[in-house]
Amino acid sequence: MPEQARQHEAWLRQSLIPGIGDGALRRLLEAFGSPDVVLAATRAQLSCCLTPKQIDALQAGPDTALLAETLAWLAEPGHHLITLLDEDYPPLLREIADPPVLLYGKGQRRLLAQNALAIVGSRNATPQGEANAQMFAEALSGAGLTIISGLALGIDAAAHRGGLRGMGSTIAVVGTGLDRVYPARNKALAHEIAEHGLILSEFTLGTVSAPGHFPKRNRIIAGLSRAVLVVEAALGSGSLITARQALEAGREVLAIPGSIHSALAKGCHALIKQGAKLVESAQDIVEELAWPVMPVPSAQTDKPDESSEPLLVHLGHDPVNIDTLAARCGLTVETLSAKLLTLELEGRVAQLPGNRYQRLT
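So, here's what we can say about the structure. (Residues numbered from 1 in each chain as written. Predicted model: local features only at pLDDT ≥ 70, side-chain atom pairs only at ≥ 80, totals over all residues. Heavy atoms only, no water.)

## A few points about helix α17 (residues 333–345)
Note on helix geometry: an α-helix contains 3.6 residues per turn, so any two residues three or four positions apart are oriented the same way. Helix length check: α17, at 13 residues, gives a terminal C-alpha distance of 18 Å against a target of 18 Å (1.5 Å per residue), a fit within 8%. For α17, the elements touching its buried residues are α15 (311–315), α16 (322–329), β11 (349–352) and β12 (356–359). Downstream of α17 by a residue or two, Gly347 has a phi angle that is positive, lying close to 75 degrees. (Helix = DSSP H or I, 4+ residues; strand = E, 2+ residues; numbered from the N terminus. Expected span 1.5 Å × (residues − 1). Contact = heavy atoms within 4.5 Å.)

## Topic: the nonpolar core
With 68 residues, the main nonpolar core has Leu28, Leu46, Tyr104, Ile148, Ile171, Ile199 and Val230 as its most contacted residues. The dominant element in this core, judged by the number of residues it contributes, is helix α2 (residues 22–32), at 5 residues. With residues near it in sequence (within four places) discarded, Ile171 still touches Leu111, Leu112, Thr146, Ile147, Ile148, Ser149, His160, Leu198 and Leu200. The next biggest cluster of nonpolar side chains, apart from the first, holds 26 residues, and it includes Leu117, Phe136, Ala137 and Ile285. (Core = buried A, V, L, I, M, F, W, Y, C linked by side-chain atoms within 4.5 Å. Buried < 20%, exposed > 50% of the residue type's maximum accessible area, 1.4 Å probe, protein only.)

## Concerning empty space enclosed by the protein
For the coordinates displayed, the defined rule picks out 2 cavities of 30 Å³ or more. For the largest cavity, the calculated volume is near 40 Å³. In terms of residue class, the lining of the largest cavity is made up of 3 nonpolar, 3 polar and 1 charged. Roughly 30 Å³ of volume is contained in the second largest cavity. Taken together, Trp11, Gln14, Ser15, Leu25, Leu29 and Val101 form the lining of the second largest cavity. Taken together, the elements giving at least two residues each to the lining of the second largest cavity come down to α1 (3–15) and α2. Here the lining of the second largest cavity takes 3 residues from α1, the largest share from any one element. Its residues assigned to classes, the lining of the second largest cavity comprises 4 nonpolar, 2 polar and no charged. (1 Å grid on protein atoms, 1.4 Å probe; cavity = no way out; pocket = protein on both sides within 12 Å on 5 of 7 lines; lining within 4 Å. Points joined across faces, edges and corners; volume = space filled by probe spheres on them. Nonpolar A, V, L, I, M, F, W, Y, C, P; charged D, E, K, R; others polar.)

## A word on unusual backbone geometry
With an omega of 0 degrees, the peptide bond between Tyr182 and Pro183 qualifies as cis. When you line up the elements, Pro183 lands in the loop between β5 (170–173) and α10 (187–196). Phi at Ser169 takes a positive value of approximately 60 degrees, unusual for a residue other than glycine. For Ser169, the position within the fold is in the loop between α9 (155–164) and β5. Here Asn355, not a glycine, exhibits a phi torsion of approximately 55 degrees, which is positive. Secondary-structure assignment places Asn355 in the loop between β11 and β12. We classify Asn355 as partly exposed; its relative accessible area is 38%.

## Thoughts on the environment of Ile272
For Ile272, the location among the structural elements is in helix α13 (residues 263–273). According to the relative accessible area criterion, Ile272 is partly exposed, its value standing at 22%. With 18 residues separating them along the chain, Ile272 and Leu254 place their C-alpha atoms 7.7 Å apart. Ignoring anything within four residues of it in the chain, the contact list for Ile272 reads Ala255, Pro257 and Leu278.

As structure tokens, then:
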């Protein structure tokens, strides 16, 4: 057996044991130094770190089918096993209170060495929120930062798409095994990230999505990143958990403000009240954090002229229903609907649930 495969098997013979979590694995590494030494230890020696039941499980070994399946998966090009003892294990992640002992990776492992920024937010994002996430991610990736998020719908997906458009690329941290994609709607995006970026998980192959997996995933997102940017978040959003974990790990937290009428802005506003940096541009982030990156690409200056379409002035920047908008601009609903459809096709306006519209430019 090749040496790398042998090392992989030694790690897996411990990590695939039900009932032996990261805490026990870290204790074993501290006591014995390597997985090879752990596997050669006697029952009496193992008792310093494991309960009798855990020792029984370790000595019985993992499920042989799962072990063989995982070794075969790791043998495929672009598939990785990243362990706490590897030289390229991310130093920032090693600093958190409970770093994962082992990560599965799919894609460009070199991205682990780059400065990274997490971009997180609501799954039920507004079109403007998604546009902001993609715009910030693209600009910062263009400056050399790797964009990290969680492959969820909404802000996460938009951030990954933006990250892929720059040289910094993107890392997706997921809450399932890497042989699965959740949510299924992001399957094409996941394949693109695996090819040009990196997907990471601490969960074994075959692991399905479960609510308890996402806080664990979020701590890795925060741990890998030098700072966390929250784009849109309601007060109960899971992205606020990521922000809290980032603060606990000593990372910077930044937030984009929104409309005072939007529930999806209240989480960001709460973070800003608590000391998060309010940002309005990618350049704000670079200046605040003083990272050694390339200049942020300039935003396009050829924005649509409002004078050419006065309806944009009446629309403003907050979502508005069509009846209110009709009263503002003095048009019939029928005429207004036709104008809004044209603007929607031009990518300047988005229709929201409840027959509401939001300006995008």
